[in-house]
Amino acid sequence: MRSFFYFLAAAAVLCLGVFKYLKVMSVDGQGITIAQSLRLAGVRRSLLHIAETEHTHITTKSECLSLDELSSAEPSENLYSERNGYVYSIECSASDFNVFARHAPPPPDSHLRFPDYLVDQTMKVRELN
C-alpha cells in the first residue's frame, strides 16, 4: 500500500512539473509566446498600414486626420481601430504624425508581455516599452 501511495505522489509531482514546463515552454526571453508573436506581427502590419495611409493622405491633401476621420476619408482602405486587444490611435502635429498601438496592461500574475508600438513619419515600427 505504501508503494502505491509513493507511486501516486510521484505521478502527481511529475504531472505538475510537466504542466509548469509546458506553460512557460513557448515563452521566449522577452516574454512572448509563439502564438502571441504571430498576433503581434498582425498588429505591426495593421499599424504600418494605418501609417502609410496617413502619410499618403498628408502628401495628397496636406492635412493630418484622426483614425476615425481617416477611415471616413479613405473608404477604400480597410483600417482597423483595434486588433487582438490593441487599440490604434493617431496623434498629429503640423505635418508630422505618430500612430500608436497600445494594449491594456496584462494581469499582475501573467508571464506574458504586451509591448506598445509607435510608427512616425519615418515609417519605422518601434517598440515603446
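About the criteria used
- Residues numbered from 1 in each chain as written.
- Predicted model: local features only at pLDDT ≥ 70, side-chain atom pairs only at ≥ 80, totals over all residues.
- Heavy atoms only, no water.
- Pairing = 2+ DSSP bridges.
- Helix = DSSP H or I, 4+ residues; strand = E, 2+ residues; numbered from the N terminus.
- Salt bridge = Lys/Arg side-chain N within 4 Å of Asp/Glu carboxyl O.
- Buried < 20%, exposed > 50% of the residue type's maximum accessible area, 1.4 Å probe, protein only.
- Phe/Tyr/Trp six-rings, centres within 6.5 Å; stacked < 30°, edge-to-face > 60°.
- Lys NZ or Arg CZ within 6 Å of the ring centre and 35° of its normal.
- pLDDT = per-residue confidence, 0-100.
- Disulfide = S-S within 2.5 Å.

### Looking at the pairing of strand S3 (residues 96-103)
For a regular strand, side-chain orientation follows a simple rule: the groups alternate between the two sheet faces.
Thinking step 1. In terms of strand pairing, strand S2 (residues 86-93) meets S3 through eight bridges, oriented antiparallel. The residue of S3 that forms the bridge with Ile90 is Val99.
Thinking step 2. Two strands pair when backbone bridges link them, and S3 and strand S4 (residues 117-120) are joined in this way by four bridges, in the antiparallel orientation. Opposite Phe100, over in S4, you have Leu118 as the bridge partner.

### Quick look at the pattern of salt bridges
Thinking step 1. Under the criterion given, the structure shown has two salt bridges.
Thinking step 2. Two residues, Arg113 and Glu127, come together in a salt bridge whose shortest N-O distance is 2.8 Å. Here the residue Arg113 occupies a position in the loop between S3 and S4, and Glu127 occupies one in strand S5 (residues 125-127), the gap between them amounting to 14 residues.
Thinking step 3. Since its relative accessible area comes to 24%, Arg113 is described here as partly exposed.
Thinking step 4. Taking the relative accessible area as the measure of exposure, Glu127 reaches 40% and is therefore partly exposed.
Thinking step 5. The partner of Asp120 in a salt bridge is Arg126, with the nearest N and O atoms 3.1 Å apart.

### Some details on the packing of aromatic side chains
Thinking step 1. Per the stated rule, a full pass over the model turns up two aromatic pairs.
Thinking step 2. Judged by centre distance (6.3 Å) and plane angle (35°), the rings of Tyr86 and Tyr117 are tilted. Here Tyr86, found in strand S2, pairs with Tyr117, found in strand S4; they are 31 residues apart in sequence, far enough to count as distant.
Thinking step 3. You can call Tyr86 buried: its relative accessible area is 1%.
Thinking step 4. The cationic tip of Arg102 hangs over the ring face of Phe100; the distance from NZ or CZ to the ring centre is 4.0 Å.

### A word on the confidence of the model for the protein chain
Thinking step 1. Taken as a whole, the protein chain shows an average pLDDT of 85; of its residues, 92% reach a score of 70 or greater.
Thinking step 2. Within the protein chain, the element-level pLDDT minimum falls on helix H1 (residues 2-25), averaging 80, and the maximum on S4, averaging 94.

### Some points on the sheet that holds S3
Thinking step 1. With respect to topology, five strands assemble into an open sheet ordered S1-S2-S3-S4-S5, the strand pairing being antiparallel. Among the strands making up the open sheet, the edge pair consists of strand S1 (82-83) and S5.
Thinking step 2. Taken together, the two bridges between S1 and S2 define a ladder with antiparallel strand orientation. Opposite Arg83, over in S2, you have Tyr86 as the bridge partner.

### As for the state of the cysteines
Thinking step 1. Evaluation of the coordinates by the stated rule reveals one disulfide.
Thinking step 2. The disulfide that involves Cys64 links it to Cys92, with 1.8 Å between the sulfurs. For the disulfide bridge between Cys64 and Cys92, the dihedral angle about the S-S bond is near -65°, and by the sign convention the bridge is left-handed. Within this pair, whereas Cys64 is found in the loop between helix H2 (34-61) and helix H3 (67-73), its partner Cys92 is found in strand S2, the two being separated by 28 residues in sequence.
Thinking step 3. On the basis of relative accessibility, which here comes to 18%, the residue Cys64 falls in the buried class.
Thinking step 4. The class for Cys92 is partly exposed, based on a relative accessible area of 37%.

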